[in-house]
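Coordinate analysis (summary)
Chain by chain, the residues run as shown.
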Amino acid sequence: MAVISVENLTHTYSIGTPFERTAIQELSVTIRQGESICILGHTGSGKSTFVQHLNALLQPSSGRVLIDGEDINKDKISRRDVKRRVGLVFQYPEYQLFEETVAEDIAFGPKNMKLPKEEIEERVLEAAGFTGVDKALFTRSPLELSGGQKRRIAIAGVIAMRPEVLILDEPTAGLDPAGSRQIMDNIRSYREKSGATVMIVSHNMVDAARYCKRIIVFNHGMICMDGTPEEIFSRSEELTGIGLDVPKAAELAMALRRRGIELEGPVFTHEQLLRAVRRAAEVPVC
Amino acid sequence: MLKDITLGQYFPGDTPVHRLDPRTKLILVVVYIIALFNAKGWASYAVMIAVTLLCMWISKISLKNIFKGLKPMMFIIALTALLNIFYTQGTPIREGWIITWEGIDRAVKMMLRITLLITGTFLLTYTTSPMALTDGLEKLFSPLKKLKVPVHEMTLMMSMALRFIPTLIEETDKIMSAQKARGADFETGSLIERAKALLPILVPLFVSAFRRADELAIAMESRCYHGGEGRTHMKQLQFTGLDIAAFLLGAVFLAGIFIMKRFGL
Ligand SMILES: Nc1ncnc2c1ncn2[C@@H]1O[C@H](COP(=O)(O)OP(=O)(O)OP(=O)(O)O)[C@@H](O)[C@H]1O
Ligand SMILES: [Mg+2]
């Protein structure tokens, strides 16, 4: 069980130089076990900075990050241990692959945890299964694979550590729609099977709505909205104001509802809209 | 962490020193160094220090930043000072001691000389962007082109190297964070273990450096880059009144130091 609570977190880069820049300020948020969270926000709003605090890669300039009530920056040991509990997949993680074979690269995390050999092998197989990495690739060099395959291997490398909290910074950046959907489905199946908390940083509204139950919106280093997709997307003007936009389907659904057309269930994607409209058409409008 | 390396870093600003033509600054640094090596007496050193502090004050570079840059050189400075203290002949400060007054005098001057030398060059790199610096160098050395010295190519290589240092540092930082997130440990263990721990950083770094070099070459070629022949610059270097004033001050300063040397000050 891991409950993360962030208290008044502020981070300033390059303190004391002309390049000083406060990336996030006075953030407070609580994340419960098993949640699926999406973090949205314009470029430079502090999303990546924020997630790097959750596994102690960055230390707060002020404020605290607690897991189950314990400060993760208490000492060196807890800073190390938190990296095993909170797995972070960076933006463009394929640039961190370095081993000679795919299997060895996935095993890098578990190896650092000093696990026995059999356990490492088991975890590599499991992680590869979750991310759809074919066993035939295990002996290939990760550097000669396609971008999408590399991305999966990098994600598998983190999943192999069996983190209780899995954080992915823009996992689908630069992939085609089919590739990104596959990766998002893989991540969802990992969450469902392992019960881990999943946090996804994204620019993609449809993904956010489809895969996450909670959306946190960042604006200039602060949290400006926090709620379910329905709640967030009903504030479309505000979203547009901070440089984000609501999925087209959600916007259309809202417009229809305003006109008095009853649409069932959450409507964020084209498929959901189509289904809801079909169903609404069966019921005569009076 | 790696970002703390200040060597060769540029601090943007809008002071008169920042606005000087890079060629002026390059020449004045040479003047400064010549002056420094001709300063003999304490009075000349006092003038050197005053001039250095004045330049720092005008260019709004704080002592703290200079010290940060000096830190890696501390060892060499201390060693030189120690050697000078112990190996200089003269009158001992106490009967029977090997430390001499002359030794202390030389040691302090030596320390000052190295510190000032580094400070002077830092003032140049802190106030001049790498691009301006290489432009200035190219212009200054362009007469050598007549002797078939590939000045343009050399400065282009230099500016590219300078351009990519911050990028590579940033990349190293990123890769390090990513590997740390996978449990890599760079801080503990024996020397061999730590050397091995560098592999997960070096491999991706080299891969991306080669990729970048490749992309850059393609980008340059597709924009029809073909070397220095007939190329013009977007920002033409231009001497202004400020530069003339700086040259005059530099000349007065150098003359002053030489006159003081003449009188043994
Ligand atoms: N290593 C760093 N050093 C200095 N400043 C940084 C560093 N990393 C980020 N910043 C600054 O902090 C701010 C927040 O950056 P961050 O990377 O957290 O944004 P982001 O929301 O992840 O953006 P994006 O969507 O583009 O990934 C930016 O203004 C950025 O310039
Ligand atoms: Mg980011």
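Everything numeric here is computed off the predicted structure, so don't read it as measured data.

1. Section: the packing of helix α2 (residues 22–38) of chain B against helix α7 (residues 130–141) of chain B
Residues and elements named next belong to chain B. Two elements in contact, α2 and α7, have axes separated by 8 Å at closest approach and are oriented at 75°. Taken together, the axes of α2 and α7 lie roughly perpendicular to each other. When α2 is examined against α7, the residues P22, R23, L26 and I27 are found in contact with a partner set consisting of A132, L133, G136, L137, K139 and L140. In the contact of α2 with α7, the residues fall into 7 nonpolar, 1 polar and 2 charged.

2. Overview of the pairing of strand β10 (residues 222–227) of chain A
In this structure, strand β9 (residues 214–219) of chain A lies alongside β10 of chain A, joined through 5 bridges in antiparallel fashion. Bridge pairing in β10 of chain A places F218 of chain A opposite I223 of chain A.

3. Some words on the interface of chain B and chain A
Listed by partner, the interface residues are 23 residues for chain B and 23 residues for chain A. Of the roughly 1,900 Å² buried at the junction of chain B and chain A (both faces included), carbon and sulfur atoms supply 65%. We note a salt bridge from R182 of chain B to D105 of chain A, for which the minimum N-O separation is 3.0 Å. Seen at the junction of chain B and chain A, the total is 3 residue pairs in polar contact (both at pLDDT 80 or more). Of all the secondary-structure elements, those providing two or more residues to the side of chain B that touches chain A are α4 (63–70), α8 (151–181) and α10 (199–222) of chain B. Of the residues contributing to the side of chain B that touches chain A, the split by class is 12 nonpolar, 5 polar and 6 charged.

4. Comments concerning the nonpolar core
I106, L166, L168, I215, V217, F233 and L239 of chain A are the most contacted members of the largest nonpolar core, which has 50 residues in total. At 6 residues, the largest contribution of residues to this core is made by helix α5 (residues 147–159) of chain A. For V217 of chain A, the contacting residues outside a window of four places in its chain are L40, M222, I223, C224, M225, I232, L239, I242 and L244 of chain A. The next biggest cluster of nonpolar side chains, apart from the first, holds 30 residues, and it includes V6, V51 and I167 of chain A together with A181 of chain B.

5. Digging into the domain arrangement of chain B
Under the domain assignment used here, chain B contains domain 1 (1–128 + 236–265) and domain 2 (164–231). Distance from the C-alpha centre of domain 1 of chain B to the C-alpha centre of domain 2 of chain B: 34 Å.

6. What to know about the site of ligand 1
Around ligand 1 there are 15 residues in total, and R21, G44, K47, S48 and T49 of chain A lie nearest to it. One chain alone does not account for the residues near ligand 1; they come from chains A and B. S45 of chain A is positioned such that a nitrogen or oxygen atom in its backbone is 3.2 Å from an oxygen atom of ligand 1. Here ligand 1 loses 71% of its free accessible area of 630 Å² to cover by the protein chains. Sorting the residues of the shell around ligand 1 by element identifies β2 (21–31) and α1 (47–54) of chain A as the ones contributing at least two each. It is α1 of chain A that contributes the most residues to the shell around ligand 1, 3 residues altogether.

7. A word on the sheet that holds strand β7 (residues 165–169) of chain A
Residue and element names in this part refer to chain A. Here 6 strands make up an open sheet; going across it, the order is β6-β7-β8-β3-β9-β10 and the pairing mixed. Two strands lie at the open edges of the sheet, namely β6 (86–89) and β10, each paired on one side alone. With direction set aside, neighbouring strand axes in the sheet form an average angle of 15°. Two strands pair when backbone bridges link them, and β7 and strand β8 (residues 197–201) are joined in this way by 5 bridges, in the parallel orientation. Bridge pairing in β8 links D169 to V201. The sheet contacts of helix α2 (residues 76–85) involve β6 and β7, and relative to β6 the element is tilted by about 70°.

8. Here's the deal with unusual backbone geometry
Glycine aside, residues mostly have negative phi, and peptide bonds are mostly found in the trans state. Although it is not a glycine, R162 of chain A adopts a positive phi angle of roughly 45°. As for its position among the elements, R162 of chain A is in the loop between α5 and β7.

9. Digging into the sheet that holds strand β5 (residues 70–71) of chain A
For sheets, the rule is that strands pair by backbone hydrogen bonds, running either parallel or antiparallel. All names here are of chain A. Across the sheet, which stays open at both edges, the 4 strands sit in the order β2-β1-β4-β5 with antiparallel pairing between neighbours. Strands at the two margins of the open sheet, each flanked by one partner only, are β2 and β5. Two elements, strand β1 (residues 4–13) and β2, share 7 bridges in a ladder whose sense is antiparallel. Following the sheet pairing, Y13 is matched in β2 by R21. Set on the sheet, α1 makes contact with β1, β2 and β4 (62–67); between it and β1 the angle comes to about 125°.

10. Here's the deal with empty space enclosed by the protein
Rolled over the atoms, a probe with the dimensions of a water molecule shows which regions are left empty. Taken as a whole and judged by the stated rule, the model has 2 cavities of 30 Å³ or more. In this structure, the largest cavity encloses a volume near 60 Å³. Together, S36, M184, I187, R188, R191, V198, I200, Y211 and C212 of chain A line the largest cavity. Of all the secondary-structure elements, those providing two or more residues to the lining of the largest cavity are α6 (177–194) and β8 of chain A. Looking at the lining of the largest cavity element by element, the count peaks at 4 residues for α6 of chain A. For the lining of the largest cavity, the per-class residue count stands at 6 nonpolar, 1 polar and 2 charged. For the second largest cavity, the calculated volume is near 30 Å³. As for the second largest cavity, its lining consists of D135, K139, H233, K235, Q236 and L237 of chain B.

Here is what the cut-offs are and how they apply
Residues numbered from 1 in each chain as written. Chains lettered and ligands numbered in written order. Predicted model: local features only at pLDDT ≥ 70, side-chain atom pairs only at ≥ 80, totals over all residues. Heavy atoms only, no water. Axes fitted to C-alpha atoms, helices over the stretch in contact; angles between N-to-C directions. Helix = DSSP H or I, 4+ residues; strand = E, 2+ residues; numbered from the N terminus. Parallel < 35°, antiparallel > 145°, perpendicular 65-115°, else oblique. Contact = heavy atoms within 4.5 Å. Nonpolar A, V, L, I, M, F, W, Y, C, P; charged D, E, K, R; others polar. Pairing = 2+ DSSP bridges. Buried area = accessible area lost by both parts, 1.4 Å probe. Salt bridge = Lys/Arg side-chain N within 4 Å of Asp/Glu carboxyl O. Polar contact = N/O pair within 3.5 Å; in protein donor to acceptor, adjacent residues only side chain to side chain. Core = buried A, V, L, I, M, F, W, Y, C linked by side-chain atoms within 4.5 Å. Buried < 20%, exposed > 50% of the residue type's maximum accessible area, 1.4 Å probe, protein only. Domains from an automatic or database assignment. Near = heavy atom within 4 Å. Areas by Shrake-Rupley, 256 points an atom, 1.4 Å probe, with all protein chains shown as cover. 1 Å grid on protein atoms, 1.4 Å probe; cavity = no way out; pocket = protein on both sides within 12 Å on 5 of 7 lines; lining within 4 Å. Points joined across faces, edges and corners; volume = space filled by probe spheres on them.

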